[in-house]
Amino acid sequence: MQAARVRVLGRGLASSRPAVFPRFQASRRLLTTGTGSEGASAPPPPLKSSLWKRFLQTTGALTLVTVASGTAFYYFAQRDKTPGVQLPHDPSKKTLVICGSGWGATSLLNSLDTADYNVIVVSPKNYFLFTPLLPSVAVGTLAPRSILQPTRYLTRHKSRQVTVIEASATDVDPVNKTVTFADTSEIQGAVSNTTIPYDYLVFAVGAEVQTFNIPGVREHACFMKELEDAEKMQRVFMDCLESAAFPGQSTEEIKRLLHMVVVGGGPTGVELSGELHDFLEEDLRSWYPELAGNVHITLVEALPSVLPMFSKQLIDYTVSTFKEQKIDILTKTMVKEIKEKSVVLQMPDKTIAEVPCGMVVWAAGNTLRKVTRDLMAKFPDAQSNRRGITVDECLRMAGTNGSIFAIGDCTATSYAPTAQVASQEGAYLARILQQLAKRDELEARKNELQGAATPEAKAALEQVEKKLAKVERLRPFKYSHQGSLAYIGSDKAIADLPFFNGNLATGGVATFLFWRSAYLSTLFSIRNRTLVATDWLKVKLFGRDVSRE
């Protein structure tokens, strides 16, 4: 009975299916095909762009950006390479003589409008040296030519011709307004001494290395002041390595040859110690594996701490970083003598220790050049500061009639003798000289109008006198500190930057990238920026060169 019910129920369900599915299928066909305007206006679904199309679009955009950037780079490079026509010297213009080619003189040349003067540059070097990157040259991170800017590259782009003379100034006569200079190069012509007159003189001869009359410094130490100093240090360092690798050297002799002593805890000494550590870790361990473990770096500073111009937080960070890098820091330690194979130190407890070493690098201060001392001696009353030339608030040399300006390390001001100070002084002096040229022009115009009696001449004379009274007021120089930077090795740097009413102290890898970008932007030409950036890339890819000339 139940089986019969199941069969009857199954037949009932089976018989009901045809009645349901045909209606559903018909309605689905009606929806998909549709009739009338509503079905015809439905847009097709959008097609996704293929990967190939995206690849072509990206490649095209990158190619366009590369071509545009390359074209702009080529244009600016060729513009720097091919200077235009310049105005000749004008006898009616005053003569401006600039002694030096350092930070102050180069900043002045870069900002000066040479149309106002007949400019003459006298310097024993015919180039500008970017000194903050000198420690990088000493270990081969940068090529020597990468941080040189020929002076003529700068002067040839000025509106009026600038005479560049490679010679050393030997005497300045402030009474007769003359400068005497001599050719001190290896090859000299029939004339190697001459004297030229000036109307305005900018004295920017810089300073030389201060040895404090310590025995053996000039004979046995390497300096870090000029380009040849960095090249000499690189040769001596590689010589120590090769001598240590000579067969038969004792362990004590190897350790002596590979002990590098850096004297001076300022930015130069600290950066040089960091660069030496990078050279050891990134290159010497690969090419001198048997010697790398014996290289030892010691930084000696007479003051209680290194980098005294930085905040205590950054000093502590530098000390801890050097400790990780196994660089010894000896503070409150004075150098008493430098011998051929050792350095004699006075320790903080006043005891004397003779430390064996292979190389000593002296980066411990500056002193005045002889030509600067001779010039100061001609004004015994006004120039009594032994630190340098005394100047007023407008950088005019005290005791003169305003015809001599002094900037840079040869002066004694309240500011530190840094590249940043000298650069700002040069830019400021360019504005002052432009104002003086305008004053001289107005005075000549005033003299012309004073003889005329017409109403128009009197009105013009009144306007000239108003302008003259305005330009005679010279604004004093004010230094704006932009911060301090120093590289401490291991791709780390420290920065002490002004921030609102306080300072921003930072250190690490990010600061190192900021340090590099800041120095790249400070370089004077696209040529130098390209060469320095390329050197950094080459060292990252291939390492430093360990060959010795």
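Rules of the game
- Residues numbered from 1 in each chain as written.
- Predicted model: local features only at pLDDT ≥ 70, side-chain atom pairs only at ≥ 80, totals over all residues.
- Heavy atoms only, no water.
- Helix = DSSP H or I, 4+ residues; strand = E, 2+ residues; numbered from the N terminus.
- Rg over C-alpha atoms; globule rule 2.2 N^0.38 Å.
- Buried < 20%, exposed > 50% of the residue type's maximum accessible area, 1.4 Å probe, protein only.
- Contact = heavy atoms within 4.5 Å.
- Areas by Shrake-Rupley, 256 points an atom, 1.4 Å probe, with all protein chains shown as cover.
- Lys, Arg positive; Asp, Glu negative; His and termini not counted.
- Charge placed at Lys NZ, Arg CZ, Asp CG, Glu CD.
- Polar contact = N/O pair within 3.5 Å; in protein donor to acceptor, adjacent residues only side chain to side chain.
- Pairing = 2+ DSSP bridges.
- Axes fitted to C-alpha atoms, helices over the stretch in contact; angles between N-to-C directions.
- Right-handed = clockwise from strand over helix to strand, strands pointing away.
- Phe/Tyr/Trp six-rings, centres within 6.5 Å; stacked < 30°, edge-to-face > 60°.
- Lys NZ or Arg CZ within 6 Å of the ring centre and 35° of its normal.
- Patch = residues over 30% accessible without salt bridge, like charges linked within 9 Å, V, L, I, M, F, W, Y side chains within 5 Å.
- Salt bridge = Lys/Arg side-chain N within 4 Å of Asp/Glu carboxyl O.

**Regarding the overall build of the protein**
Each helix and strand counted, the protein has 16 helices and 23 strands in total. Scaling as 2.2 N^0.38, a compact globule of 549 residues should have a C-alpha radius of gyration of about 24 Å, whereas the protein reaches 36 Å, well beyond that. Structurally, the protein occupies a C-alpha span of about 140 × 95 × 50 Å along its principal axes. Looking at the protein residue by residue over its 549 residues, the buried ones come to 40%. Long-range pairs, those at least 24 residues apart, make up 66% of the contacts in the protein between residues at least 6 apart in sequence. Entry remark: accessible area of the protein is about 30500 Å², with carbon and sulfur atoms responsible for 56%. Of the side chains in the protein, 63 bear a positive and 55 a negative charge, and the two mean positions are spaced by 14 Å.

**A closer look at the side chain of Asp 283**
Inspection of the secondary structure puts Asp 283 in helix α10 (residues 267-287). A polar atom in the side chain of Asp 283 sits 2.7 Å from the side chain of Arg 544. Setting aside its immediate chain neighbours within four residues, Asp 283 contacts Asp 278, Gly 543 and Arg 544.

**Focus: the sheet that holds strand β15 (residues 334-338)**
Ordered in space as β15-β16-β17, the 3 strands form an open sheet in which the pairing is antiparallel. In this open sheet, the two edge strands, each paired with only one partner strand, are β15 and β17 (352-356). Strand-to-strand twist across the sheet, computed as the mean angle between neighbouring axes with direction ignored, equals 30°. Across 5 bridges, strand β16 (residues 342-346) lies against β17 in antiparallel orientation. From the neighbouring strand, Val 344 faces β17, where its bridge partner is Glu 354.

**Considering the pairing of strand β14 (residues 327-330)**
As judged from the 4 bridges shared by strand β13 (residues 296-300) and β14, these two strands associate in the parallel manner. When the bridges of β14 are listed, Leu 299 appears paired with Ile 329. With helix α11 (residues 312-324) bridging β13 and its parallel neighbour β14, the resulting β-α-β unit is right-handed.

**Looking at the environment of Phe 73**
Inspection of the secondary structure puts Phe 73 in helix α3 (residues 51-81). Using a relative accessible area of 41% as the deciding quantity, one classes Phe 73 as partly exposed.

**Regarding the packing of aromatic side chains**
Going through the model one piece at a time under the given rule, you end up with 19 aromatic pairs. With a centroid separation of 6.0 Å and an interplanar angle of 20°, the aromatic rings of Phe 512 and Trp 515 are classed as stacked. Linking Phe 512 with Trp 515, this pair stays in helix α15 (residues 509-522), spanning 3 residues, or about one helical turn. Across the pair, Trp 515 and Phe 512 agree in class, each one buried. Cation over ring: Arg 516 sits above Trp 536, and NZ or CZ is 4.2 Å from the ring centre.

**A closer look at a nonpolar patch on the surface**
Together, Trp 52, Phe 55 and Leu 56 give the surface a local cluster of nonpolar side chains, amounting to about 360 Å² of exposed area. Tracing the backbone through its elements, the reader meets Leu 56 in helix α3.

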